[in-house]
Every structure is written in structure tokens, then in C-alpha cells.
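Listed below are the residues making up each chain.
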Amino acid sequence: MAEKILMIALSPTMEQGTIITWNKKVGDTISSGDIICEVETDKASMEYESIQEGTLLKILVDEGGQAVVGRTIAVIGKKDEDISGLLEQIASEEKEKPGTDTPEEKTKQEKNAAEEDEKPKTSSGGDKKADEPDKPQASQKDVPPPPSDSRPEDPEERVYASPLAREMARQAGLDIVKIPGSGPRGRVVQRDVKEALKRPGEYSQALVAGAHASAVSGQTEEDRRIPISGIRRTIAQRLAASKFSAPHFYLKVNVRGEGLVRARRSLNETLKDTKVSVNAFLIKFAAEALARHRNINAGWTDEAIIEFSSIDIGLAVSVPGGLITPIVRNCGVKGVKAIDDELSALIEKAKNGSLKPGDYSGATFTISNLGSFGIDEFTAIINPPGSAILAVGALKAEPAAAPDGSVQVVQQMALTLSCDHRVIDGAAGAEFLNTLKRFMEDPVQILF
Amino acid sequence: MAVITMREALRQAMDEEMARDPSVFLMGEEVAQYNGAYKVSQGLWEKYGDKRVIDTPITEEGFAGMGIGAAMAGLRPIVEMMTFNFSLMAFDQIINNAAKQRYMSGGQFSLPLVIRGPNGPAEYLGAQHSQALQSLFAHVPGLKVVSPSTPYDAKGLLKTSIRDNDPVIFMEGELSYAWKGEVPEEEYLIPLGKGDIKRKGSDVTLVSFSKPVRYCLEAAEQLASQGIEAEVIDLRSIRPLDEELVYASVRKTNRCVVVDEAWPFASVGSHIGWLVSSQCFDHLDAPVELVSSEDVPMPYNHSLELAAQPSADKIVRAVQKVCYLDPDGKEA
């Protein structure tokens, strides 16, 4: 008896996933525990371990395609089993609640067509039925796809339209099938019919994505539509929420770098074959300063300001397609070497996309270091639930006024602290930053 | 025109009707010597005395039954429930007796009874005392249900309810007692079953009654700044219901959001949503949206308490949905 393989929640907050790769192909045998595919969730990519057994009979969501949790992504069963009935059932479920989406409709049509040829032969009656869910893909080619490109697969040609839009189109003598819909599921709504009425005769072509730009400017290249990945959407939501709800203010200070350089050299000399990163020192200095200013290691909720018991410092790391902030937990009680070891492991995981949600959720303070990119100074957006983020600029030689009034060339770096004013006032942020500056310039002060 | 509170408007209505008709009297917990738990009956006991303003024991079922008997015997009782949360004690009397007497006596008995009091969540009162119970009463044929949102409407509707020959459940928003509005000196009546357009608009119809009408008007102001003109319909009376006013508006605007501070399941709001969907089907450009309280007992925590109820922001989001706009007001 064939069964559906569903998209499952691979992280606590996952609502939908993108299939990165299929590790199994149609016809492969699947045992319980096999990794059938890799799925990009809202933040990390996760392996999908099968709890089902049998032969993979059909893949419904191709690589690059998305499916909300609970949607069918494939069918598993006995070899050569007739699954036409199940596919019909899946298609009608999808019609009720569409949850799969493939970025490139065209690619999908081609893939489906290709898959048809490979399909294992079954009884002649079943064969015919099994074709049906794929049919509209071909016939839809005559119809321009809607700009939102969100119409689901349908077992029959079906246009979604509001009752009002249908009535308006009927009265105006327009074919509702030809009007691109802008509502959910590509629903044709009032404004689409109004738009069509403005340009009778050409509306069906005029709204195809990209044609707009060429009509205006005469350029021939179409605008590129880049599907929004899970990680990109999470970044967009979280940073917008932070920037628009937490009132940010910024404190900048220049820090002499010789102390840090000396401390790092001293530590590296004691280590034979490895070097400790500047970031591990930054985390250590910040942790020591936070331990003395607990009001900075805090977060806002509507009920209360929470002073966190643990100092968990996140470090912004650039990864393909976005950024992620792996967290070194409880930094207050760890030495630089221990921090560096943890950091290296986390960065390694971040680069290959195997961080678990627990590795990057809940930083009480965050550091973003663009010094290695040669950036002098910058301001960063606070990473909740923390209330402050430290933006670190490049270490470089600069002229500075010495106490006696003469000008010296010194190693200097700019630190900019972004604070959530709901939690941290200017004076509190300044006191913290001064402590941090003191520790960085003269690390022995940490002992006092 | 005088500007008075809804509390004062309700008092005026009772005062005028008691002066006009000696068969009208008021009873309930603390309505006489204490002037009412919410001071709606302020001064009536002093003016009309023990026989017409009666303090009852804490026995909702008992005094609701006395009101029904008095109405059957020819008087016009006004029974005050200290809040409608307590009226649950009197459900057998209200549903099995008040709502059924005219029908089961073949029209021999009429029941000119008003049961009135505060309804709907206030603040910090906990789950048992923060309920909007209009759906329960509106469910029952044989009862009329009225729930005004302004002092003007409250006065005109209460006077009409007192003169009505059927049982009227008159539900007042607890938090709206202090709301002020213009009320004319001269006598006026507002018929039951006539809604009122509180704001004219062309793009979406907001349908509500009682306290949430104010949230609708706030939402309409926000929406106006995004270029959306909302028409706000105050039903005023839930039973009888001014269906035609709602349909005419939705046929004009093509979009409808119903706002009801009761729970969503089997509520006045969900019923209106169904009526509009069936009666205005060919005129709708989007499914009807319902903004209700969340389907939970009222949380005591104040942030959660507010989050559980309809708000202007929730209404704005529902309107953006039926207008196919994203939250920034742009086309989605």
C-alpha cells in the first residue's frame, strides 16, 4: 500500500522547507533511517531521515521546490505499485490547501514531462489515470502564468477568481481564464479585472513578469526574480522586527590595539601549531566587561527587563546566501582558548550549514567584526533577545594625540555599540564601553 | 445638545419611562439604596421609592423569574443583572420561560420585560467576569437582543425596549458606561432592528456593535491614511438584525470584515459572516473576515488580556487582507 512522504517539521519553528537535494531517486529502495533528502529550514539545512520503508515511487517536490509542513513531497510503496488513486487524492488536497511551490514553473513542467518518460509501466488503465495530475502543466502553457506564480498543480484546468471578478468579467465580455490573478493562489480579483479593462486586447501579455521593464525602457533583458530562501526570509523578518521595534542608539569609541596584539601574540607563542583568533579575544573581553555590567547582558519583554544569568555571545558569520550568529555559551567562565575552540567548531558548522537551532538562538550579546574586510567603522542591528551588539572595525595605524600634545602613530580600531534604549540608557552603555576599552587596551585589568 | 455619559443616558431612559408609565419598575442587586453597582440607577430610588426600585437578594434565577411573572401579570419590569456574567444563573428562567411564554401560550401572554446590565470584557477581571455573552442570548428565538455603542443610541433603544411587548436582553458595554456623546433634550425613540452607519466609506464594510464599534472607527481613521475608506455599520440591535443595511453596504464596497468581541465559534459575528457570504456572494471580492476574541478563556495577565480581544490594529490587518494589501498598505 503506497504512502505519502510528508514534509515534516525539522526545526521547532519550521513552517516550510526547501528541498536542497534528493539523495534518493525514483525506483530506489528506502529503509527506515535512510537520509532521503536535505531540507533547508528557516535557518539551517537538515537531513530528512526516513521512518518509512519501501520503494520511492514518485517525487512531487523537486530540488529547489518548497513545501509547507504537512504537504506531500513524495510517494513511497511497493515496486511497480499503481499509485494513480493516491496521486489524485494528493492533487485534490493540494487544490484545497496549496503548499508546494517551485521557483521556476517552466523547469517544473520540463521535469514533469521528463519524468513521464521514465515512469515504470503499470497496467494500461492505471497508466492513463496516473498521467492526469500532470496534464494541466502542459495545457497551461497557452496561458500566461500569473505574476505571483503561486497557482498550484491542478488535476483539471481551474481558475481561481472572486465572485465579483467573475461577474465583472462576464459583464465586460472578458475571458476570466486570460486575466492574470494577483490574489492568493493566483486568484483573479476586482483590481485585476479593472487592470484588464484598461488595456483591452493586450492585457494577457502585458502583465507577464519582465515585459513591463522592456516596454518602458526598451531594454531586452528581463528582471531577474530571485526566490527568497528560508534563511533570507528569517534574516529579513528578524532584523526588520529588531530595527523597527527596538529604538537603537549608537556609541563609538576608538581603542588602542597594542594590548590586544600583545596578548594574542603571547598566547599564540605558548601554542605550538595553532593560532587563536582575534574574535575569541573580542568575545572574552566583551564577556568580562558584561560580567561587570549585567544591565547590558539583558533583554526587553513587555512584562519585564530580563537580566540574563548566562553570558551567551553570538558572532555574526557570513555564510552563502546570508549570515548566521553561532553562539558561545556561558563565556563568563571560559578562557580565550576554550572560547576559540568552540568558535572554530561552530564556524565550521555554520559554513557547511549544519548548525542546530540551539547553536544560534538566544544570544544575550552579539559581536559583528568587519575589520577583516577593511571597514573602518559601522553600526549594526541588534540581534534579539540581546539588547546590544558590538560592531568592530579594522585595526590600523593612525595618528593620535598623545597626553603631552604631540602626535604619535598608534594601532587603533573603532568599536561601535548599538543599544536598545528600552533597556540600556546612554550612560550605562558608555560605562560598559569604557570598561571594554580598558580591558582591551590593558588586558591585565581583567584580573582586578 | 447636552453631552452626557452612556450611564447617564441609560438612567434618563429609565427615569423618563418610569415617569411616563406607572407599570414600569426596576429591580436587581444594589439598584436602589446603593444606586446600582455601576451607578446607572443613580437617584431613581429616591425619586420613585421602595415599590418601584427594588433591591433584590443575590438570587439571579429568583428575581429573573419574578420579573417574568410580573411581566405576565401586566407590569413592565426592568431587571438589572449586576453583570451578564451573573445572568448565567438565570438561564433557565430566561431561555425556558421568558423566551417561550408567548409561543407556548398561543399568544395569550406577552412578556414586556427588559433584562439589562453590563456585558463584555472590562479589565483585570479574570476569565469568569470578562465575557461577551450576546451570542448565547441571540441564539434563542423569542428573545430580542440590543447592544448599543453610544449614549444617544443607548437612550433611544432602552426607551423602545421598555415599551416593547417581548423580552429584550439589553447588553451594555461595561467599559462604555463613561463614554460621552450628544443626547438631545427632547424625547426620541430608536426602533429595534435598525442599524446605523457610523461612518461612510466605499472600500470595505466593517460590521460591529457595542464597544468594538469604537475600535472600528479608530481602524477606519488609520485606513483612511492608507487611502482605504471603510464604512462602519453599528448594528445596535442584534435581534432583530438589520440585514438589508449590511447587504446594501457590502454590495457597494465588495468587502466585509465583521468585528465581534465574543468568541468566534457559533457567534453573532460568525453568523453575520455566513449571512453576508450567502446573500452577497456575487458581490464579494474576498472571503468575509471575522475579527473576534481569541478562542480561550480570558487571560488574567493584562498583556494577554488585551491581546485576546479585537483591536483597531487587528481590524486594520483584516481589512488589508480582504483588500489584498500587504501590511504596509501596498498591493500584495
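Residues numbered from 1 in each chain as written. Chains lettered and ligands numbered in written order. Predicted model: local features only at pLDDT ≥ 70, side-chain atom pairs only at ≥ 80, totals over all residues.

Caption draft 1: Examining the overall build of chain B more closely. A tally of regular secondary structure across chain B gives twelve helices and 14 strands. Looking at chain B as a whole, 52% of its 332 residues are labelled buried. The long-range fraction of contacts in chain B, counting pairs at least 24 apart against all pairs at least 6 apart in sequence, stands at 77%. (Helix = DSSP H or I, 4+ residues; strand = E, 2+ residues; numbered from the N terminus. Buried ≥ 20, exposed ≤ 12 C-beta atoms within 10 Å, placed from the backbone. Contact = placed C-beta atoms within 7 Å.)

Caption draft 2: Expanded view of the sheet that holds strand β8 (residues 72-77) of chain A. Residue and element names in this part refer to chain A. Read across the open sheet, the four strands follow the order β1-β8-β6-β3; overall the sheet is antiparallel. Of all the strands in the sheet, just β1 (3-6) and β3 (29-30) have a single pairing partner and so form its edges. Pairing of β1 with β8, which is carried by four bridges, proceeds in the antiparallel orientation. Directly across from E3, in β8, lies its bridge partner I76. (Pairing = 2+ DSSP bridges.)

Caption draft 3: Local environment of the packing of helix α1 (residues 6-20) of chain B against helix α7 (residues 151-163) of chain B. All names here are of chain B. Relative orientation of the contacting elements α1 and α7 amounts to 25 degrees, with a least axis distance of 8 Å. Between α1 and α7, the crossing angle belongs to the class labelled roughly parallel. Remark: the crossing between α1 and α7 carries right-handed chirality. For the pair formed by α1 and α7, the contact residues are M6, A9, L10, Q12, A13, E16 and E17 on the first element and P151, A154, K155, L158, K159 and I162 on the second. Residue classes in the contact of α1 with α7 are distributed as eight nonpolar, one polar and four charged. (Axes fitted to C-alpha atoms, helices over the stretch in contact; angles between N-to-C directions. Parallel < 35°, antiparallel > 145°, perpendicular 65-115°, else oblique. Left-handed = near helix turned anticlockwise from the far one by under 90°. Nonpolar A, V, L, I, M, F, W, Y, C, P; charged D, E, K, R; others polar.)

Caption draft 4: Spotlight on the nonpolar core. Core analysis: the largest hydrophobic core is formed by 106 residues, its most contacted members being L206, A219, V257, I315 and V319 of chain B. Contacts of V257 of chain B, omitting those with residues within four sequence positions, involve V204, L206, E289, V291, I315, A318, V319 and V322 of chain B. Counting residues in each nonpolar core, the second largest holds 79 residues, with C37, L290, L315 and V317 of chain A among its members. (Core = buried A, V, L, I, M, F, W, Y, C linked by C-beta atoms within 7 Å.)

Caption draft 5: A look at the interface of chain B and chain A. Counting residues at the interface gives ten residues for chain B, matched by eleven residues for chain A. In terms of residue class, the side of chain B that touches chain A is built from four nonpolar, three polar and three charged.

Caption draft 6: Highlighting the environment of E61 of chain B. Residue and element names in this part refer to chain B. Within the secondary structure, E61 sits in helix α3 (residues 60-72). For the pair E61 and I94, spaced 33 residues apart in sequence, the C-alpha separation works out to 8.6 Å. Sequence-distant contacts of E61, that is, excluding residues within four places in its chain, are made with M89, A90, D92 and Q93.

Caption draft 7: Seen up close, the confidence of the model for chain A. All names here are of chain A. In this model, chain A carries a mean pLDDT of 82, and residues with pLDDT of at least 70 account for 81%. Of all the helices and strands in chain A, helix α7 (residues 203-206) carries the lowest mean pLDDT, 39, while strand β18 (residues 388-392) carries the highest, 97. Below a pLDDT of 50 lies the segment residues 102-156, which in the model reaches 70 contacts outside its immediate sequence neighbourhood of four places, other chains included. Per-residue pLDDT stays below 50 along residues 202-215; that stretch engages in 21 contacts with residues further than four places along the chain or on separate chains. (pLDDT = per-residue confidence, 0-100.)

Caption draft 8: Region of the structure containing the confidence of the model for chain B. Residues at a pLDDT of 70 or more form 98% of chain B, whose mean pLDDT is 96. Reported for the predicted complex are a pTM of 0.52 and an ipTM of 0.73.

Caption draft 9: A look at the sheet that holds strand β9 (residues 196-199) of chain B. All names here are of chain B. Across the sheet, five strands lie side by side as β9-β11-β10-β13-β14; this open sheet has mixed pairing. Here the strands that pair on one side only, and so sit at the sheet edges, are β9 and β14 (289-291). Going across the sheet, the axis of each strand differs from the next one's by a mean of 25 degrees, ignoring polarity. With three bridges joining them, β9 and strand β11 (residues 230-234) adopt antiparallel strand pairing.

Caption draft 10: Up close: helix α9 (residues 243-253) of chain B. All names here are of chain B. Buried within α9 are the following residues: V246, S249, V250 and T253. All buried residues of α9 fall inside an arc of 100 degrees around its axis, so they share one side. Next to the buried residues of α9 lie β10 (204-208), β11, β13 (256-259) and α10 (268-279). Following α9 by one or two positions, N254 has its phi on the positive side, about 70 degrees. (Arc of directions from axis to C-beta.)

Caption draft 11: Local environment of unusual backbone geometry. In the segment running from P384 of chain A into P385 of chain A, the intervening peptide bond is cis, with an omega of 10 degrees. Here P385 of chain A lies in the loop between β17 (365-369) and β18. With an omega dihedral of -5 degrees, the bond running from R239 of chain B to P240 of chain B counts as a cis peptide bond. Along the chain, P240 of chain B turns up in the loop between β12 (237-239) and α9. One non-glycine residue, E30 of chain B, lies in the positive phi region at around 65 degrees. With respect to the element layout, E30 of chain B can be found in the loop between β2 (24-28) and α2 (44-48). Since 16 C-beta atoms lie within 10 Å of it, E30 of chain B is described here as partly exposed. You will see that N35 of chain B, though not glycine, has its phi angle at about 70 degrees, which is positive. The exposure class assigned to N35 of chain B is partly exposed, which follows from the 18 C-beta atoms found within 10 Å.

Caption draft 12: Structural context of the packing of α3 of chain B against helix α4 (residues 91-98) of chain B. All names here are of chain B. The N-to-C vectors of α3 and α4 enclose an angle of 25 degrees; their axes lie 8 Å apart at closest approach. One way to sum up the angle between α3 and α4 is to call them roughly parallel. The segment α3 lies against α4, with E61, A64, G65 and I68 engaging D92, Q93, I94, N97 and A98. Its residues assigned to classes, the contact of α3 with α4 comprises four nonpolar, three polar and two charged.

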